[in-house]
Amino acid sequence: MASPSGLPKTFDPSSFEERQSRRWEEAGAFRPGGRPGDPRFSVVIAPPNVTGKIHIGHALENSLVDALVRWKRMQGLRTVWVPGTDHAGIATQMVVERALAREGIDRKAIGREAFVEKVWEWKKESKDSIRHQLERLGCSLDWSRERFTLDEGLSRAVRKVFVDLHRDGLVYRGRYVVNWCPRCGTAVSDLEVNHVETPGKLYFIKYDVEGDDVGAIVATTRPETLLGDTALAIAPNDPRTRRLVGKTAILPILGRRLPVVEDDFVDREFGSGIVKVTPAHDPNDFAAATRHGLPAVLVIGPDGRMTGEAGPFAGLDRFDARARVLERLWAEQRIVDAREHVHAVGHCQRCDTVIEPYLSNQWFVRVAPLAGPAIAAVESGEIRFFPEHWTKTYFEWMRNIHDWCVSRQLWWGHRIPAYYCARDHVTVAEERPAACATCGLPDLVQDPDVLDTWFSSQLWPFSVFGWPESTEDLREFYPTDVLVSGFDILFFWDARMIMAGLRLTRTPPFAILHLHGLVRDEKGEKMSKTRGNVIDPLDVIAEFGADAVRFTLLSLASPGRDLPLARSRMAGSRAFMTKVWNATRFVLAQEVPPEEPGAEAADPRALPLLDRAILSRLHETIEAVGRQLGEFRFDLAAASIYDFVWRDFCDRHLEMVKPILSGKTGSDADRRSARRTLHACLRDVLALLHPFAPFVTEEIWEALGSGTLLATAPFPKFDAAFVAPDADAAVHAFAEILTRVRNFRSERGAPPTEPVELRVAPDAPHGPALRELAPVLVALGRLSALEFEPAAPGDARDVVEGVAVAMRFAQREARADRAGIERELGKLDDEIRVLAARLRNPEYLEKAPDLVVQKSRQRLFEMEKRRAALAGTPH
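Rules used in this analysis
Residues numbered from 1 in each chain as written. Predicted model: local features only at pLDDT ≥ 70, side-chain atom pairs only at ≥ 80, totals over all residues. Heavy atoms only, no water. Helix = DSSP H or I, 4+ residues; strand = E, 2+ residues; numbered from the N terminus. Contact = heavy atoms within 4.5 Å. Areas by Shrake-Rupley, 256 points an atom, 1.4 Å probe, with all protein chains shown as cover. Lys, Arg positive; Asp, Glu negative; His and termini not counted. Charge placed at Lys NZ, Arg CZ, Asp CG, Glu CD. Patch = residues over 30% accessible without salt bridge, like charges linked within 9 Å, V, L, I, M, F, W, Y side chains within 5 Å. Salt bridge = Lys/Arg side-chain N within 4 Å of Asp/Glu carboxyl O. Buried < 20%, exposed > 50% of the residue type's maximum accessible area, 1.4 Å probe, protein only. Disulfide = S-S within 2.5 Å. Expected span 1.5 Å × (residues − 1). Arc of directions from axis to C-beta. Phe/Tyr/Trp six-rings, centres within 6.5 Å; stacked < 30°, edge-to-face > 60°. Core = buried A, V, L, I, M, F, W, Y, C linked by side-chain atoms within 4.5 Å. Pairing = 2+ DSSP bridges. Axes fitted to C-alpha atoms, helices over the stretch in contact; angles between N-to-C directions. 1 Å grid on protein atoms, 1.4 Å probe; cavity = no way out; pocket = protein on both sides within 12 Å on 5 of 7 lines; lining within 4 Å. Points joined across faces, edges and corners; volume = space filled by probe spheres on them. Nonpolar A, V, L, I, M, F, W, Y, C, P; charged D, E, K, R; others polar.

### Let's talk about the overall build of the chain
Okay, so step 1: Counting secondary structure elements, the chain contains 27 helices and 29 strands.
Okay, so step 2: Taken over the C-alpha atoms alone, the chain extends approximately 110 × 60 × 50 Å along its principal axes.
Okay, so step 3: Partitioning the intrachain contacts of the chain with sequence separation of at least 6 by distance along the chain shows that 77% fall at a separation of at least 24.
Okay, so step 4: Taken as a whole, the chain presents about 38300 Å² of accessible surface, with 49% of it coming from carbon and sulfur.
Okay, so step 5: Positive and negative charge centroids in the chain, built from 115 and 124 side chains respectively, lie 1 Å apart.

In structure tokens form, the structure reads like this:
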């Protein structure tokens with residue numbers, strides 16, 4: 001039920017979040033206003049996979065971006081944030097395959113065309129789910145510009161890039177050893193392989209060598225691959241193996257004759273200094289085989305089973321074959337040693353299957369020529385990293401970059417625009433050619449493979465605006481201003497966008513790359529279904545409200561750190577939103593007469609002290625939040641807002657002005673000023689908080705009756721004329737004195753209503769201000785008397801913020817609680833001793849920042865003054 005303030009008594013986010021989301025959409029609030037050429041702010045979403053569910057990492061990233069976008073929009077910039085989804089080749093194909101399997105449908109049985117049709121049907125439903133989830137989070141995306149990586153325009157851009165890079169010699173096809181996932185049935189890039197330290201065994205196997213009685217001892221962790229050996233290799237000039245130069249070894253079990261070759265790739269420190277060369281199942285062995293003209297024998301197939309070349313083990317799963325090969329080797333007394341050995345085993349990032357190095361024909365991008373300009377753009381400052389330390393990681397990877405395998409053996413994705421004639425000539429073209437470009441034969445067959453998902457994603461910052469066409473959006477909104485990304489996809493996506501943007505548009509795709517940490521559980525552990533510690537963003541939005549979830553994530557987003565996320569923290573943010581709600585209800589109950597001018601019209605210097613102090617703190621907060629958002633310190637900006645709203649505005653100012661508003665103290669002019677200031681502060685608080693908590697602030701803004709949307713209202717502007725350090729310091733001292741009076745009662749077991757006499761030293765700092773606030777202090781402190789005079793015998797003395805005060809109970813025999821004073825003196829002595837020792841330490845004085853040392857000295861001075869005052873309290 002609505003109250004006279006216009007807001008229900010109970011704060012319930014579910015009652016207004018979806019309604020406010022509809023208001024924004026119906027008003028077109030998130031479409032760029034202004035005119036072409038006006039100052040603008042452009043961002044593209046990191047497109048979530050079209051698999052129908054965003055995770056807590058997406059919630060973090062999109063909360064960060066939305067805070068920036070809303071802030072820039074409120075600053076009056078022509079702002080656009082382009083939404084969209086990624087077709088996510090492997091992930092989406094796996095999801096749809098599983099869904100079909102539950103219906104008894106096999107992908108291979110229905111064929112490629114029918115399967116792709118099924119995926120498109122599934123995608124239509126899933127896309128709407130992604131949009132709904134992002135809207136639930138409050139993301140201010142311009143849905144009129146929504147894109148999908150398989151949209152026709154984006155697909156055409158992909159084909160053009162592939163063809164152009166092929167023409168320039170930067171895309172090529174070749175037979176090489178790649179990372180292969182038997183479960184997914186496709187090649188994957190180096191970045192899609194997780195290397196897991198795995199306990200295993202290192203087997204030392206004896207190979208006979210013709211004309212050598214000793215033979216060769218070879219160490220391997222994968223004995224099943226010896227079936228594909230085509231040579232043994234030794235290091236040049238190694239005295240231990242020099243006798244084997246030019247000899248021939250015999251492959252155990254199969255009896256194949258193997259030449260012994262010399263090659264620098266052999267690590268003398270590993271095993272016996274002799275290595276087996278298995279060209280079809282190891283990239284280093286393949287390179288060595290190429291150098292020495294050795295054949296490659298494929299013994300493990302794409303399904304992870306042994307091929308016909310594996311002889312008696314053909315058809316076995318690779319790991320079953322390992323056990324059977326070991327049985328034979330033990331039986332033939334070929335194993336001379338077996339040691340426990342921990343080594344890094346590659347696992348597919350998608351399905352956690354052990355990766356198999358596999359020789360096959362694939363398409364590659366020659367990356368080194370693209371990496372050079374991308375390195376230079378960061379070195380020159382054209383692109384800046386936040387936090388800056390990620391540039392070192394970026395440079396290391398880019399300077400040691402390998403060619404990128406871009407072909408995937410899937411059906412869902414961008415089909416590679418390469419066509420083969422009956423003579424196996426290849427024609428690369430944007431559209432299907434009528435005949436072979438080499439020999440003129442017709443009836444070409446398109447390459448069955450698709451491109452790696454990241455190949456199309458690298459074009460995202462400009463393809464979403466219509467590239468390669470010269471569209472108005474491309475001219476107006478490219479390059480983008482900022483990319484916000486998890487550090488875990490720096491090389492998957494961010495670096496590739498930089499390379500592609502510079503190559504294809506001659507312009508960096510963004511000016512700033514902000515890399516955030518990963519969301520972990522409250523113990524700092526990675527979230528996983530196995531651990532049972534996954535937090536679903538929709539679940540916590542339903543429990544705490546979207547604003548609380550967003551505010552929590554933003555307040556935890558310290559640069560360079562992962563985020564330990566706990567439900568208790570979100571409950572705290574929910575309490576903060578409730579605090580804002582209740583404060584608003586109080587302020588709205590203090591109606592400002594329509595004829596009264598706003599607080600903005602008043603001369604700050606002429607305002608009552610409490611109004612000057614809160615407006616001073618407000619403008620300091622406005623300045624801090626703007627600066628901190630500009631530095632991507634979302635955590636500090638959230639803390640600045642939280643501290644001002646909770647401590648300064650709600651806990652202090654609202655309490656202090658209650659006696660004035662109720663008429664207990666002050667004049668009519670004071671009451672009018674207090675009401676104007678409350679409303680002015682509330683409006684600015686809502687605007688400050690809006691980028692962090694858009695729903696509750698928009699709901700309250702609507703209740704103010706402004707008739708406009710807060711989403712498009714101006715962001716508060718800092719005005720130095722309102723900054724009044726003297727008023728702020730005086731009110732702070734006032735608040736601390738009030739707290740001290742209350743503590744005086746509780747320390748002595750007195751009820752909160754027991755009258756207290758308070759004396760304030762006549763020459764105390766902030767004397768005139770404290771005299772102005774005396775009536776408020778009397779009312780709030782329940783004082784029977786307040787005198788500006790020296791302490792009397794029997795008073796309990798203290799120093800609060802440099803102000804000497806003395807207290808006694810009005811209705812008791814005047815006496816000081818000496819035991820309590822002695823305890824306080826003991827605590828002060830300990831603190832003074834520690835701080836004094838620190839300030840005598842030359843190392844501390846040399847290394848600590850000047851500001852920290854200065855604060856320590858000030859703290860010591862204040863504690864010594866307080867001790868002197870307490871020590872002077874009579875028995």
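Anyway, onward from the coordinates.
### Details of a positive patch on the surface
Okay, so step 1: Together, R98, R102, R183 and K529 make up a positively charged patch on the protein surface.
Okay, so step 2: Considering the arrangement of structural elements, one finds R102 in helix α3 (residues 89-102).
Okay, so step 3: Here R102 falls in the exposed class, since its relative accessible area comes to 67%.

### Comments concerning the state of the cysteines
Okay, so step 1: All chains considered together, the criterion is met by zero disulfides.
Okay, so step 2: Here C184 stays free of any disulfide, with the sulfur of C181 as its closest cysteine sulfur at 3.6 Å.
Okay, so step 3: The thiol sulfur of C436 is not disulfide-bonded, and the nearest other cysteine sulfur, from C439, lies at 3.7 Å.

### Considerations on helix α9 (residues 368-379)
Okay, so step 1: In a regular helix each residue adds 1.5 Å, so twelve residues correspond to 16 Å; α9 covers 17 Å between its end C-alpha atoms and thus fits that length.
Okay, so step 2: Within the sequence span of α9, burial applies to L370, A371, A374, I375, A377 and V378. On an axial view of α9, the arc spanned by its buried residues comes to 160°, and they lie on one face.
Okay, so step 3: Taken together, the buried residues of α9 touch β14 (356-365), β15 (384-386), α10 (390-399) and α14 (490-505).
Okay, so step 4: Phi turns positive, to about 90°, at G381, one or two residues after α9.

### Structural notes on the packing of aromatic side chains
Okay, so step 1: Scanning all chains against the criterion turns up 33 aromatic pairs.
Okay, so step 2: With centroids separated by 5.0 Å and ring planes inclined at 45°, the aromatic side chains of F386 and F632 adopt a geometry described as tilted. Of this pair, F386 sits in strand β15 while F632 sits in the loop between α18 (609-630) and α19 (634-661), and the two are 246 residues apart along the sequence.
Okay, so step 3: Taking relative accessible area as the criterion, F386 reaches 23% and is therefore assigned partly exposed.
Okay, so step 4: Site record: aromatic cluster; members linked through ring pairs are F551, F576, Y642, W646 and F692.

### A word on the nonpolar core
Okay, so step 1: Y394, F455 and L758 are the most contacted members of the largest nonpolar core, which totals 192 residues.
Okay, so step 2: The dominant element in this core, judged by the number of residues it contributes, is α19, at 13 residues.
Okay, so step 3: Excluding anything up to four places from it in sequence, F455 contacts V158, V161, F162, L165, V365, W404 and V406.
Okay, so step 4: Of all hydrophobic cores here, the second largest spans 28 residues; its members include Y207, L244, V260 and L326.

### A look at the side chain of S155
Okay, so step 1: Structurally, the position occupied by S155 is in helix α6 (residues 152-167).
Okay, so step 2: When near neighbours in sequence (up to four residues on either side) are disregarded, S155 contacts T149, L150 and H414.

### Quick look at the sheet that holds strand β26 (residues 756-760)
Okay, so step 1: Reading across from one edge, β27-β26-β29-β28 is the order of the four strands in this open sheet, with mixed pairing throughout. The strands lining the two open edges of the sheet, one partner per strand, are β27 (783-787) and β28 (796-800). The average angle at which neighbouring strand axes cross in this sheet is 20°, direction not considered.
Okay, so step 2: Here four bridges tie β26 to β27, and the two strands are oriented parallel to one another.

### A look at unusual backbone geometry
The phi torsion of most residues other than glycine is negative, and most of the peptide bonds are trans.
Okay, so step 1: In this structure, the amide linkage connecting F386 to the following residue, P387, adopts the cis form with an omega of -5°.
Okay, so step 2: Residue Y478 is joined to P479 through a cis peptide bond whose omega torsion reads 0°.
Okay, so step 3: With respect to the helices and strands, the residue P479 is situated in the loop between α13 (472-477) and β22 (480-486).
Okay, so step 4: Unlike most non-glycine residues, N237 shows phi in positive territory, near 60°.

### A closer look at empty space enclosed by the protein
Empty space among the atoms becomes apparent when a probe as large as a water molecule is rolled across them.
Okay, so step 1: The full count for this structure, using the stated rule, is five cavities of 30 Å³ or more.
Okay, so step 2: By volume, the largest cavity amounts to about 90 Å³.
Okay, so step 3: Lining the largest cavity are V161, L165, V365, V367, L370, W404, Q458, R496, M499, A500, R503 and L504.
Okay, so step 4: Of all the secondary structure elements, the ones that give two or more residues to the lining of the largest cavity are α6 and α14.
Okay, so step 5: The residue inventory of the lining of the largest cavity, partitioned by class, reads nine nonpolar, one polar and two charged.

### Some words on the sheet that holds strand β16 (residues 404-405)
Okay, so step 1: Pairing is antiparallel across the open sheet formed by four strands, whose spatial order is β6-β5-β14-β16. Bordering the open sheet on either side are β6 (186-188) and β16, each of which pairs with just one other strand.
Okay, so step 2: Of the strand pairs in this sheet, strand β5 (residues 171-181) and β6 are connected by three bridges, and their pairing is antiparallel. Among the inter-strand pairings, C181 is bridged to a residue of β6, identified as T186.

### A word on the environment of W581
Okay, so step 1: Along the chain, W581 falls in helix α17 (residues 567-589).
Okay, so step 2: Taking relative accessible area as the criterion, W581 reaches 2% and is therefore assigned buried.
Okay, so step 3: Remark: the alpha-carbon pair of W581 and S528, spanning 53 residues in sequence, is separated by 35 Å.
Okay, so step 4: Excluding residues within four positions of it along the chain, W581 makes contact with L7, P8, K9, T10, F11, F16, V696, E699 and I700.

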